[in-house]
Amino acid sequence: MNSSDKGKKGETASGKILPVEGDFRKTIKGLLKKLLEKGTLDAVLIPVKAPETDAFAWVLLNDEALLDAADPLPPVMTVQGGRALSNITKHGEVTFNIGALMRPCEIRAAVELYKLKQIRLDNIHLISIDCPGAMPLQEYMKEPEKTAKTYEGIIKKEEKNEALRPVCQVCQRFSLIKETSSSESEQHQPSADLHIGFFGGGGKNICLIPETSKGKELMETLEMSSDDSLKDWETAVENKRKDVLKKRESFDNDWREKIGGLDNFTTALDTCINCHNCMRVCPVCYCQQCYFDSTMLQNTPETYLGRAKEKGALRFPIDPVLFHLGRMSHMALSCVSCGACEDACPMSVPVGQIFSMVGDRTQQSFNYVPGNNRAEALPLQSFMEDEFCEVEIPCECEQTVSGKA
Amino acid sequence: MAKALKINKNTEEGLLQFLEFLLENGKVEGIFTLKKLNETGAVTYSLITNTEELKKAVPLSPFMPVNAGKVLSYFTLAEKTERPVAAVLHPCELRAFIELVKRVQGSMDNILLISTTCGGVFPMAFMNNGNAAEQLSPYKESVKKAEIFENTRETCQGCENFIPHLADITVLMVGKKDTDKECVICLNSAKGEKFASEAPGNAVSAEVESAETEKLTSKRKEHKEKLFENYDKNRLGISGLSKIFAACLGCHACGEACPICHCTLCDFDSKTCEYRPESFDSELERKGGLKIPPGTLFYHLGRMSHMAVSCIACGMCSDVCPVDIPVSDVFIKAGDALQDVFQYDPGKDVEEPVPWGVFKEEEFKEVGEK
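Residues numbered from 1 in each chain as written. Chains lettered and ligands numbered in written order. Predicted model: local features only at pLDDT ≥ 70, side-chain atom pairs only at ≥ 80, totals over all residues. Heavy atoms only, no water.

## Looking at the overall build of chain A
Along the backbone of chain A there are 17 helices and 9 strands. What you see for chain A is a C-alpha radius of gyration of 22 Å, in line with the 22 Å of a compact globule of 405 residues. By principal-axis analysis of the C-alpha atoms, chain A measures approximately 70 × 60 × 40 Å. Among the 405 residues that make up chain A, the fraction classed as buried is 57%. When contacts within chain A are restricted to residue pairs at least 6 apart in sequence, long-range pairs at least 24 apart make up 75% of them. In the structure as shown, chain A presents an accessible area of about 17,600 Å², 50% of it carried by carbon and sulfur atoms. Computed over 48 positive and 59 negative side-chain charges, the separation of the two mean positions in chain A equals 3 Å. (Helix = DSSP H or I, 4+ residues; strand = E, 2+ residues; numbered from the N terminus. Rg over C-alpha atoms; globule rule 2.2 N^0.38 Å. Buried < 20%, exposed > 50% of the residue type's maximum accessible area, 1.4 Å probe, protein only. Contact = heavy atoms within 4.5 Å. Areas by Shrake-Rupley, 256 points an atom, 1.4 Å probe, with all protein chains shown as cover. Lys, Arg positive; Asp, Glu negative; His and termini not counted. Charge placed at Lys NZ, Arg CZ, Asp CG, Glu CD.)

## A few points about the interface of chain B and chain A
Listed by partner, the interface residues are 64 residues for chain B and 66 residues for chain A. Taken together, the two surfaces of chain B and chain A that pack against each other cover about 5,400 Å², and 60% of this comes from carbon and sulfur. Counting the contacts that link chain B with chain A gives 6 salt bridges. Taken together, chain B and chain A are joined by 26 residue pairs in polar contact (both at pLDDT 80 or more). Of the residues that constitute the side of chain B that touches chain A, the class distribution is 33 nonpolar, 14 polar and 17 charged. Looking at chain direction, strand E9 (residues 313-316) of chain A and strand E3 (residues 43-48) of chain B are connected through 4 bridges and run antiparallel. From the neighbouring strand, arginine 315 of chain A faces E3 of chain B, where its bridge partner is serine 46 of chain B. (Buried area = accessible area lost by both parts, 1.4 Å probe. Salt bridge = Lys/Arg side-chain N within 4 Å of Asp/Glu carboxyl O. Polar contact = N/O pair within 3.5 Å; in protein donor to acceptor, adjacent residues only side chain to side chain. Nonpolar A, V, L, I, M, F, W, Y, C, P; charged D, E, K, R; others polar. Pairing = 2+ DSSP bridges.)

## Regarding the sheet that holds strand E4 (residues 85-88) of chain B
What the 9 strands build is an open sheet, ordered E9(A)-E3(B)-E2(B)-E4(B)-E5(B)-E6(B)-E7(B)-E1(B)-E8(B); its pairing is mixed. Only two strands of the sheet have a single neighbouring strand rather than two, namely E9 of chain A together with strand E8 (202-206) of chain B. Direction aside, the axes of adjacent strands within the sheet are offset by 30 degrees on average. With 4 bridges connecting them, E4 of chain B and strand E5 (residues 111-116) of chain B associate as parallel partners. Paired with alanine 87 of chain B across the strands is leucine 113 of chain B, a residue of E5 of chain B. (Axes fitted to C-alpha atoms, helices over the stretch in contact; angles between N-to-C directions.)

## A word on the pattern of salt bridges
Pairing is possible between side chains that carry opposite charge, provided their charged atoms lie close to one another. If you walk through the whole model with that rule in mind, you get 43 salt bridges over all chains. Residue arginine 374 of chain A pairs with aspartate 193 of chain A through a salt bridge whose shortest N-O separation is 3.4 Å. Within this pair, whereas arginine 374 of chain A is found in the loop between helix H16 (351-365) and helix H17 (398-404), its partner aspartate 193 of chain A is found in the loop between helix H8 (166-169) and strand E6 (194-197), the two being separated by 181 residues in sequence. The exposure class of arginine 374 of chain A is buried, given its relative accessible area of 12%. Lysine 287 of chain B is paired through a salt bridge with glutamate 283 of chain B; the nearest N and O atoms lie 3.2 Å apart. A residue pair is termed a helical-turn pair when its members lie 3 or 4 positions apart in one helix, as lysine 287 of chain B and glutamate 283 of chain B do in helix H11 (residues 277-287) at 4 residues.

## Details of the confidence of the model for chain B
Residues of chain B with pLDDT of at least 70 account for 99%, and the chain-wide mean is 94. On the interface metric, ipTM, the complex scores 0.94, and its pTM is 0.93. (pLDDT = per-residue confidence, 0-100.)

## Thoughts on the packing of aromatic side chains
For the structure shown, the criterion picks out 24 aromatic pairs over all chains. An angle of 35 degrees between the planes, with centres 5.2 Å apart, marks the rings of phenylalanine 122 of chain B and phenylalanine 126 of chain B as tilted. Since its relative accessible area comes to 15%, phenylalanine 126 of chain B is described here as buried. Judged by centre distance (5.0 Å) and plane angle (70 degrees), the rings of phenylalanine 342 of chain B and phenylalanine 364 of chain B are edge-to-face. Here phenylalanine 342 of chain B, found in the segment after helix H14 (327-341), pairs with phenylalanine 364 of chain B, found in the segment after H14; they are 22 residues apart in sequence, far enough to count as distant. Residue class for phenylalanine 364 of chain B comes out partly exposed when judged on its relative accessible area of 26%. Between lysine 258 of chain A and the ring centre of tryptophan 255 of chain A, over which it is positioned, the NZ or CZ distance is 4.1 Å. (Phe/Tyr/Trp six-rings, centres within 6.5 Å; stacked < 30°, edge-to-face > 60°. Lys NZ or Arg CZ within 6 Å of the ring centre and 35° of its normal.)

## Side note on the pairing of strand E7 (residues 183-187) of chain B
Residues and elements named next belong to chain B. For E7, a buried count of 5 out of 5 residues is recorded, marking the element as mostly surrounded by other parts of the structure. The side-chain alternation of E7 yields two buried faces, one formed by Cys183, Ile185 and Leu187 and the other by Val184 and Cys186. Bridge count between strand E1 (residues 2-7) and E7: 4 bridges; the pairing is antiparallel. Counted as the bridge partner of isoleucine 7 is cysteine 183 from E7.

## So, helix H8 (residues 211-229) of chain B
Each full turn of the α-helix corresponds to 3.6 residues, which orients residues three or four apart in the same direction. A rise of 1.5 Å per residue sets the reference length of H8 of chain B, with its 19 residues, at 27 Å; its end C-alpha atoms lie 27 Å apart and thus fit the reference within 8%. Contact partners of the buried residues in H8 of chain B: helix H6 (154-157) and H14 of chain B. (Expected span 1.5 Å × (residues − 1).)

## Notes on the packing of helix H10 (residues 231-259) of chain A against H16 of chain A
The description of two helices packed together rests on the angle between their axes and the distance between the axes. Residues and elements named next belong to chain A. Close contact between H10 and H16 brings their axes to 9 Å; oriented N to C, the two are set at 110 degrees. Judged on the interaxial angle alone, H16 and H10 are roughly perpendicular. Across the interface between the two elements, Arg248, Phe251, Asp252, Trp255, Arg256 and Ile259 of H10 pack against Gln353, Ile354, Ser356, Met357, Val358, Asp360 and Arg361 of H16. Of the residues belonging to the contact of H10 with H16, the class tally is 6 nonpolar, 2 polar and 5 charged. (Parallel < 35°, antiparallel > 145°, perpendicular 65-115°, else oblique.)

## Looking at the sheet that holds strand E8 (residues 228-229) of chain A
Spatial strand order, E8(A)-E1(A)-E7(A)-E6(A)-E5(A)-E4(A)-E2(A)-E3(A)-E9(B): 9 strands in an open sheet with mixed pairing. Edge strands, defined here as strands with exactly one partner in the open sheet, are E8 of chain A together with strand E9 (289-292) of chain B. In terms of strand pairing, strand E2 (residues 43-49) of chain A meets strand E3 (residues 56-61) of chain A through 6 bridges, oriented antiparallel. In the sheet register, valine 44 of chain A faces E3 of chain A, and the bridge partner there is leucine 61 of chain A. Against the sheet, helix H2 (residues 24-37) of chain A touches strand E1 (14-19), E2, E3, strand E4 (98-102), strand E5 (124-129), E6 and strand E7 (205-210) of chain A, its axis set at about 40 degrees to E7 of chain A. In this fold H11 of chain B packs onto E2 and E3 of chain A together with E9 of chain B, with an angle of close to 130 degrees to the strand it touches most, E9 of chain B.

## Quick word on the nonpolar core
Ranked by size, the top nonpolar core spans 241 residues in total, and within it Leu45, Leu60 and Leu85 of chain A together with Phe18, Leu22, Ile114 and Phe245 of chain B carry the most contacts. Considering each element in turn, this core owes the most residues, 7 residues, to helix H1 (residues 11-24) of chain B. Those residues in contact with leucine 22 of chain B that sit more than four places away from it in its chain are Lys27, Val28, Ala86, Leu112, Ile114 and Phe195 of chain B. (Core = buried A, V, L, I, M, F, W, Y, C linked by side-chain atoms within 4.5 Å.)

Here's what the structure looks like:
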């Protein structure tokens, strides 16, 4: 059992309970303003609604007036926050203090990118927030007001709703969730520095939970202790998680059935136009030039005709299924089920749901939770001699493993 | 009057019979055309090499899942095809292919280009909601009457270039009242005539352009002018463009779908457009707030400066945009203006060089230094 588990099973979580003044978004922005004023943070990375439009975008700001247009929990996820943060810190550490307020899946993506050396976390304060999910981006763009209104209803009821993106409906990591993973080391470095909870608060209060020394530093600036018992929040999160895990199980089973085998998988991806937009918005797909966009797959007309003749026809652009399988094998272990891929698909292929299911199951077999522990190595980077010997041919070490078990 | 072939079947069946003739008689080794994916109306481009698979072809399906000019370029990028193939494509896809050939991204050699007078295509999203099939018959009726079909792409509704000028073979659709009964295939070039020789059907004379196509041209022109009224100079200034592109994710799907954007690695996806953290710091000091990722509008302006002179107005960019930005409206408006300045008609003449490839010392003195 690692340290995070001990912490969880032992006692009730503690933090600071804050009364909401009017609107929880306003309360959160007030805290950020204070952190900027006092100089603990030099800038905040947060979604902001562009003036005179319905569009949300990530804005790195130090102008407090700009914070007024910010939304700590917008109805949609535009650019994945992990990706946004990578954009700033990919080429070196920032020398000023940034507070990045993101959804839990964005924080987890940021941690995966940190492990993949695409993000520096020096001077970055990751602040996560309880997430009820997000609305489908394309739906929001078509009917912004109506979609935003529906979302507010979902937040107030704090329950899952079928209007949310499908992957959000089955997201089991919607809050500060502590999970055991494969790491045998005692070291656990939490993903977020500070978590903002509002589940179980009935709209009347929110809570702040510092997770790291950076988080504690923010609390100190705010002149807040973190001794309040967070029983209500914890119960709300636990109940919700229980409910979602059930849904998750049937979701995984359904999709497994739907896409099992090459034929079913191909059918599920039928309308894919091979535009690779899923890859370009994926926070984990960070390669500057994807293999599948390179000239490596380029062939001569003679070869294409030869391939066509084998089956009587060859689809163009070629090999969309190979692209998805290739991408999947590269990133599924780090897939944070954020659904950015599905939001960005011009053909509404359920690519987020498919990758989420495959990611979930692959991660389970490695006992790995992406973005859970900053200190935990990526499974593909750690070699264990006795791992997965059941897939080796011939299976010589089976005896040893079962003997151990 | 041009030579033509008349087949006494409805236009789609007639065309399929003609394609089957090409394949069966070894005139071509394969045919690029749209093929059914399933029964919901979803289609894909496919290189078909046998007649059994050809039965699933829907060459006249009003969809453009990818610009076929890009497909033909991909096919012939490494080298020209030694064996003849035919390709059935929409006029704007043909123009895109011509532009790509001029940019040394493909070869027309041994490709029989078949196109139609085009009634426009549906937005791709129609493939997903499963109601493409019920739109088909009102679409066909509207094409027969040379009218604008309101459920086609916005770009198509304002497209005046629906006559495929460089096609070897043109299937007549717009304003043809009898497409349910007959298929008229115009043989525009010697190449077209050669491939069609001995094809079943009656030799007749026909014209691609008619009073009916003129009628549609003027309707489309009117539609386009009306659309462009929304994009006057005030709206296309930096602040206007910032608003139009406010929701841009920087995903570059538009560039990826664009047939003219052929670079393997776009400059805007390269290291050139990545910044060190210090630059964020200094920009932040200057502005108080920065959109992240930065440069989403810069990307569109850069892409525009690279490709607008060759923009063939296919509308792929708008169709793939996940946040519904009317990319093609802006790009077509800029493309039209730029093409006017250079008196350049993209995709109309394979011999005419792309303006960017030509240097004239005495050109545009009015914008230079006095």
